[in-house]
Amino acid sequence: MTNNTNPAADPTIFQLGGDLPVRRVGYGTMRLADGPGDPSGPEALIWSPPADRAAAVSLLRTAAEAGVTLFDTADAYALGAGEELLAEALHPYGDGVAVATKVGVVRPSPTEWVPLGHPAYLRQQAELSLRRLRTERIDLLYLHRLDGDVPVAEQVGALRRLQEEGKVRHIGLSEVTVAQLEEAEEVAPIAAVQNLYNLTARDHEDVVEHTAGRGIAFVPFFPVAMGGHAGPDGPVARVAREVGATPSQTALAWLLHRAPHLLPIPGTTSAAHLVENMGALDVSLSEEQFARLSRAAS
């Protein structure tokens, strides 16, 4: 799974880990694990394979055709079914497709997400991810969550050994603080951090700044925040009209403008919304528009 796109002077491309160019708007596949009627947002169960598998496969192929190069999944999404779906849709991946997945969370029931960072478990899950993705090397393997009962060095060390064996290209962390990231960096190079971050959820500003200074990709999940500020007369809609974009594109453009190492991964089950999200790469905000959005949503 590689990407040979020439990233020279292209602000829509980021060199993940210093050697893997990906487009700066990716696709988060978590929503594909839910059938019709399941809740959206943080309450989604992410427990069962998609009710319409053919439609999900078609959507993933549409994403690749629309220019998505970074696809994000996890072994915890529908108990591995999310990884299998990606492989069904996109394998053999070839140039232009990079797959990120995550290990380190146990799903004992539909409503439970329990961190488990025992090194043997992490290695087992990585091996299962390799099988489900039908690949010999995972482009980006995240620790889905750090386990507070296991030393960080042991958890990251398990992924580092997989990297040394050629089974993992780059290592990432999810929902971590600067202190946790620094501790992990003592064990292995960290290529990406995936934290909750958007126009209205900015608790991780310090992580954004830390990663910027170290060439680490910051991958916001739930990147499109839609609240009162995003209403028809809200600041996002007003700026969207000024730049000739949709509110969702404008919210993503705010992230892209925030710093060149931000790689949002919006998820959707709609092909139209997917193409719309990719259009954010073509939206330019002025410094005044960026500042106005930042103030209005803070």
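All of these numbers come straight from a predicted model, not from anything done at the bench. (Residues numbered from 1 in each chain as written. Predicted model: local features only at pLDDT ≥ 70, side-chain atom pairs only at ≥ 80, totals over all residues. Heavy atoms only, no water.)

Participant: Whenever I open this one, the pattern of salt bridges confuses me. Can you help?
Facilitator: Side-chain pairs of opposite charge can arise whenever the charged atoms involved come near each other. Evaluated as defined, the whole model comprises 13 salt bridges. With a shortest N-O distance of 2.7 Å, Glu88 and Arg53 are connected by a salt bridge. Taken together, the residues span a long stretch of sequence, with Glu88 in helix H2 (residues 81–90) and Arg53 in helix H1 (residues 53–65) at a distance of 35 residues. For Arg53, a relative accessible area of 29% gives the class partly exposed. Across the salt bridge formed by Arg132 and Glu83, the nearest N and O atoms sit 2.6 Å from each other. Highlighted residues: Arg132 in helix H3 (residues 119–133) and Glu83 in helix H2, separated in sequence by 49 residues. On the accessibility criterion, Glu83 (0% relative accessible area) is buried. (Salt bridge = Lys/Arg side-chain N within 4 Å of Asp/Glu carboxyl O. Helix = DSSP H or I, 4+ residues; strand = E, 2+ residues; numbered from the N terminus. Buried < 20%, exposed > 50% of the residue type's maximum accessible area, 1.4 Å probe, protein only.)

Participant: When you look at the sheet that holds strand S4 (residues 70–72) in this model, what are you seeing that I'm missing?
Facilitator: In a beta sheet, neighbouring strands are held together by backbone hydrogen bonds and run either parallel or antiparallel to one another. Pairing is parallel across the open sheet formed by seven strands, whose spatial order is S3-S4-S5-S8-S9-S10-S11. Looking at the sheet topology across the chains shown, the edges are occupied by strand S3 (27–28) and strand S11 (217–221). Two strands pair when backbone bridges link them, and strand S8 (residues 138–143) and strand S9 (residues 168–174) are joined in this way by five bridges, in the parallel orientation. Residue Leu140 lies in a different strand from S9, and its bridge partner there is His170. Sheet strands in contact with H3 are strand S5 (98–103) and S8, and its direction is about 145° off that of S5. Against the sheet, helix H4 (residues 152–164) touches S5, S8 and S9, its axis set at about 160° to S9. (Pairing = 2+ DSSP bridges. Contact = heavy atoms within 4.5 Å. Axes fitted to C-alpha atoms, helices over the stretch in contact; angles between N-to-C directions.)

Participant: Help me understand helix H7 (residues 235–243) in this model?
Facilitator: Because the α-helix completes a turn every 3.6 residues, residues three or four places apart line up on one side. Residues Pro235, Val236, Ala237, Val239 and Ala240 constitute the buried set of H7. Looking at the buried side of H7, the elements it contacts are helix H8 (247–258) and helix H10 (287–297).

Participant: How should the packing of aromatic side chains be read in this particular structure?
Facilitator: Two numbers describe a pair of aromatic rings. These are the distance of the centres and the angle of the planes. With the rule as written, the count across this model stands at six aromatic pairs. What links up through ring pairs into an aromatic cluster is the set Tyr197, Phe218, Trp254 and Phe290. If you follow Arg107 out to its NZ or CZ, it ends over the ring of Trp113, 3.8 Å from the centre. (Phe/Tyr/Trp six-rings, centres within 6.5 Å; stacked < 30°, edge-to-face > 60°. Lys NZ or Arg CZ within 6 Å of the ring centre and 35° of its normal.)

Participant: Sorry, what's going on with the side chain of Thr73 here?
Facilitator: Examined against the element boundaries, Thr73 turns out to sit in the loop between S4 and H2. For Thr73, the side chain forms a polar contact with the side chain of Thr29, separated by 3.4 Å. Beyond its immediate stretch of four places on either side in the chain, Thr73 contacts Thr29, Gly82, Glu83, Leu86, Ala100, Thr101 and Lys102. (Polar contact = N/O pair within 3.5 Å; in protein donor to acceptor, adjacent residues only side chain to side chain.)

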